[in-house]
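One letter stands for each residue in the lines below.
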Amino acid sequence: MKRLGGLWQRVVSFDNLLLAFRKARRGKRQRPPVAAFELRLESELLGLQREMLSGEYQPGPALRQVQGERYLRAGLIKSGA
C-alpha cells in the first residue's frame, strides 16, 4: 500500500477546511445556522483545525434524508418525525 506523506497536514490546512465549508454550504446559504457560522467563519475554522490537530475533534452523528424522513446514518434509526 502506498503511503501518502503529509496527507493529514493537507486535510487540516485552513485552505482545505475553507473549501470544505464552501462545498457544504451550497444550497443552504440562507439558513440561519449556516449564516451564523459564516459570520464567525475564521474563528470556527481555526478552532476546528486546532481540535483536529490535537486529536480532540469528535464528529457528531451524520444525518441524511431518506424518502423525506430523517434517519441517523449509523443503523438507519429514525430520529423523529
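The rules behind each value
- Residues numbered from 1 in each chain as written.
- Predicted model: local features only at pLDDT ≥ 70, side-chain atom pairs only at ≥ 80, totals over all residues.
- Heavy atoms only, no water.
- Phe/Tyr/Trp six-rings, centres within 6.5 Å; stacked < 30°, edge-to-face > 60°.
- Helix = DSSP H or I, 4+ residues; strand = E, 2+ residues; numbered from the N terminus.
- Buried < 20%, exposed > 50% of the residue type's maximum accessible area, 1.4 Å probe, protein only.
- 1 Å grid on protein atoms, 1.4 Å probe; cavity = no way out; pocket = protein on both sides within 12 Å on 5 of 7 lines; lining within 4 Å.
- Points joined across faces, edges and corners; volume = space filled by probe spheres on them.
- Nonpolar A, V, L, I, M, F, W, Y, C, P; charged D, E, K, R; others polar.

Trainee: Help me understand the packing of aromatic side chains in this model?
Mentor: What characterises a pair of aromatic rings is the spacing of the ring centres plus the angle enclosed by the ring planes. Scanning all chains against the criterion turns up one aromatic pair. Centroid distance F21 to F37: 5.4 Å. Interplanar angle 25°. Geometry classified as stacked. Of this pair, F21 sits in helix α2 (residues 14-24) while F37 sits in helix α3 (residues 32-39), placing them 16 residues apart in sequence. For F21, a relative accessible area of 10% translates into the label buried.

Trainee: Just to check I follow, could you spell out the layout of surface pockets for this structure?
Mentor: In this approach the atoms are scanned with a rolling probe the size of a water molecule, which exposes any empty space left behind. In this structure, the largest pocket occupies an estimated 250 Å³ of space. Taken together, A20, F21, A24, R25, K28, R31, P33, V34, F37, L45 and L48 make up the lining of the largest pocket. Counting only elements with at least two residues in the lining of the largest pocket, the list comes to α2, α3 and α4 (41-54). Here the residues of the lining of the largest pocket sort into eight nonpolar, no polar and three charged. By volume, the second largest pocket amounts to about 170 Å³. Lining the second largest pocket are Y57, P59, G60, P61 and A62. Split by residue class, the lining of the second largest pocket holds four nonpolar, one polar and no charged.

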